[in-house]
Amino acid sequence: MSSKVRTRFAPSPTGFLHVGGVRTAIFAWLTAKQSSGEFVLRIEDTDQKRKVEGAEEHIIESLAWLNIKSDEPLIRQSDRVKDGIYKKWAEKLIENGRAYADPYTPEEVQKFREQAQTDKKPFLYRNNRPENPPKWDGKTPLRFKAEPKEYVTHDEVMGEIKTSPEVIDDFILIKSDGFPTYNFAHIVDDLEMGITHVIRGQEFLASLPNYRNLYEALGKKEPVFVTVPHILNEQGNKKLSKRDGAKDILEYREQGYLPEAMMNFLATLGWNDGTEQEIFAPQELLQKFQLEQIQKGSAHFDEKRLEWISGHHIRTKPLDELYELVKDFWPQAAKNYDDNYKKKVLELVQERMKFFAELPELTQFFFEDLPVNPELVTGHKQLKKLSNDELESLLEKAKETLEQSDFSREDLQERLNQLLETSSQKPIVLFSLIRISTTQAPASPGLAETLEVIGKETAIKRIAKQLKAL
RNA sequence: GGCCCCAUCGUCUAACGGCUAGGACACCAGGUUUUCAUCCUGGCAAUAGGGGUUCGAUUCCCCUUGGGGUCACCA
């Protein structure tokens, strides 16, 4: 009795995809895939003016990054226009007396609209519905002849929505350029494609009653309606949009975010499984996702949370896998080093990386000598208390100690500990001085493991350089 | 403005009408022999306001306020 779930993601090719659109796609994909249903991508390109070159490929690539792909060949509405599909459905409506030619010019319609405004009434085209419309010649808009009525619409997320007949109007089915409107095309397509769950953004909620009216005129069964609330910008005062500076989802790929982290972040933005779990692998999402658990209210985009989730996924990646993934993110100087060395470096910074673009600043000193930065010493809360002579003798001692080490981590640790005792210095003083001298970086991994990877020759050389600069 | 949707810490959220409103991010403090990060411990922090219903409201109803959406030959 229950047929296979089929969902779709239907963007218009007007540019890149931002997190809002992608989240809707993720929800649709999860809904289909968790019940071994099908997910299809449909390009809503009925507005030729807004079409952006390359957008279609960009959308496909964005979804592919997240491992989301269509189960069927891409559907393009413009292709279906050529096949005369929408016209066929429109003619059926005309035959049934549920569609008619709009005899007015755009200017005349605009007049009606303004009149309604001065009358302080909501504009309804049907108040001016022509009594004897001409036969439709395809050169003028074709309008739906609505049968206004009350509806109680069930939405999986929003619940029951009551609306009055006032919201139902004679919307345009086919534009004067021969292309169908979204309002008409998406219903025809969803029907023909056997879509069972229409999952889309909140901006369509107000049109739902109109769509229901059309389903009835067509004599077709409605799909399940699923309205996903918007993602608001970080200030929370506007729906996330390209205009408002929302980023292209692929920018996160360029920044080196893991796709599973992005999916985790977006899926749990406005959805949770009722437990305290925060981190989900894609497989877990597939198991646990429930449409009914989607939040009704809008959510704010929070990049800090994305970073935290991303860092978490990076930390739990097996080193070899991670190594493959960061290939393109190493600092320039790393090209002179072999895989083995870079892998050791990666292991040390794995737990402090939030996204791969941080790799260069995190690892630069493993690959090249940085110029001595006196401020690291003079600005250090402990080191600045020591005189230059004291610093010099301490560092000299450190150099002698390290020269005797075989630079294995264990040996380094042991000798460093001994030096701590013989020099009777606090760890913060001794270790900071060595760490700064050998890295010239404000932060680095643990001292012994850092020294081990850098190697004896380089470490000694850098200390000598620091000594000269004191 | 009409219509529709929404409302718990700054943010994401949990709480059959019933324990001190829980968790996470962020932030702050402390700990893990230096720093950054991780990890651990602790802290700060919320039911928008007002009416009802009820023995009892975060939870149900109404009003107000606030936010969002929509009123295209865009989707």
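Up top is the structure these notes are about.
The paragraphs below set out a description of the structure included in this document.

1. Some points on the layout of surface pockets
- Put simply, the largest pocket is a space of about 950 Å³.
- Along the wall of the largest pocket there are 38 residues; nearest its centre are Ala10, Pro11, Ser12, Glu203 and Phe204.
- Mapped onto the lining of the largest pocket, the elements with two or more residues apiece are β1 (6-9), α1 (19-33) and β9 (197-201).
- At 4 residues, the largest contribution of residues to the lining of the largest pocket is made by α1.
- Considering only residue class, the lining of the largest pocket consists of 14 nonpolar, 12 polar and 12 charged.
- Of the volumes computed, that of the second largest pocket is approximately 260 Å³.
- Around the second largest pocket, the lining comprises 13 residues; the ones closest to its centre are Ile195, Thr196, Lys221, Glu222 and Pro223.
- Taken together, the residues of the lining of the second largest pocket sort by class into 6 nonpolar, 4 polar and 3 charged.

2. Let's talk about the pairing of β1
- Covered by surrounding structure in β1 are Arg6 and Arg8 together with Thr7 and Phe9, the residues of both alternating faces.
- Two strands pair when backbone bridges link them, and β1 and strand β2 (residues 38-43) are joined in this way by 4 bridges, in the parallel orientation. Across the sheet, residue Arg8 finds its bridge partner in β2, namely Val40.
- One crossover worth recording links β1 to the parallel β2 by way of α1, and it is right-handed.

3. A closer look at unusual backbone geometry
- In this structure, Ser36 is a non-glycine residue whose phi angle is positive, near 50°.
- Within the secondary structure layout, Ser36 lies in the loop between α1 and β2.
- Phi angles above zero are rare outside glycine, and Ser424 is one such case at about 40°.
- Structurally, Ser424 can be placed in the loop between α17 (409-422) and α18 (427-439).

4. Considering the pattern of salt bridges
- Enumeration according to the criterion identifies 36 salt bridges in this entry.
- The partner of Asp71 in a salt bridge is Lys33, with the nearest N and O atoms 2.8 Å apart. Note that Asp71 is positioned in the loop between α2 (55-65) and β3 (75-76) and Lys33 in helix α1, a separation of 38 residues in sequence.
- What makes Lys33 partly exposed here is its relative accessible area of 27%.
- Residue Arg76 is joined to Glu56 by a salt bridge in which the shortest nitrogen-to-oxygen separation is 2.7 Å. Residue Arg76 is located in strand β3, and its partner Glu56 is located in helix α2; the two are separated by 20 residues in the primary sequence.
- Residue class for Glu56 comes out buried when judged on its relative accessible area of 12%.
- Within this structure, Arg8, Arg42, Glu44, Arg80, Asp189, Asp190 and Glu192 form a network of salt bridges that share partners.

Each value, and the rule that gives it
Throughout, residues of each chain are indexed from 1 in the direction in which the sequence is written. Whichever chain is written first becomes A and whichever ligand is written first becomes 1, with later ones labelled in order. Owing to the predicted nature of the model, reporting of local features is limited to residues with pLDDT of at least 70; listing and counting of side-chain atom pairs is limited to 80 or more, with chain, interface and lining totals taken over all residues. Hydrogens and water molecules were not included; the side-chain quantities draw on all heavy atoms of the structure. Think of a 1 Å grid over the protein atoms and nothing else: a 1.4 Å probe that fits but is trapped marks a cavity, an open set flanked by protein within 12 Å on at least five of seven lines marks a pocket, and residues with an atom within 4 Å of a point count as lining. Grid points are joined across faces, edges and corners, and a volume is the space filled by probe spheres set on the points. Under the scheme used here, helices are H or I runs from DSSP no shorter than 4 residues and strands are E runs no shorter than 2 residues, and both carry numbers assigned from the N terminus. Each residue is assigned to one of three groups, with Ala, Val, Leu, Ile, Met, Phe, Trp, Tyr, Cys and Pro labelled nonpolar, Asp, Glu, Lys and Arg labelled charged, and all others, Gly among them, labelled polar. Under the scheme applied here, a residue whose accessible area is under 20% of the maximum for its type counts as buried, over 50% as exposed, and between as partly exposed, the area being computed with a 1.4 Å probe on protein chains only. Two strands are counted as paired when DSSP detects at least two bridges linking them. With its strands directed away from the observer, a crossover is right-handed exactly when the path from the first strand over the helix to the second travels clockwise. Think of a salt bridge as a Lys or Arg side-chain nitrogen and an Asp or Glu carboxyl oxygen that are within 4 Å of each other.

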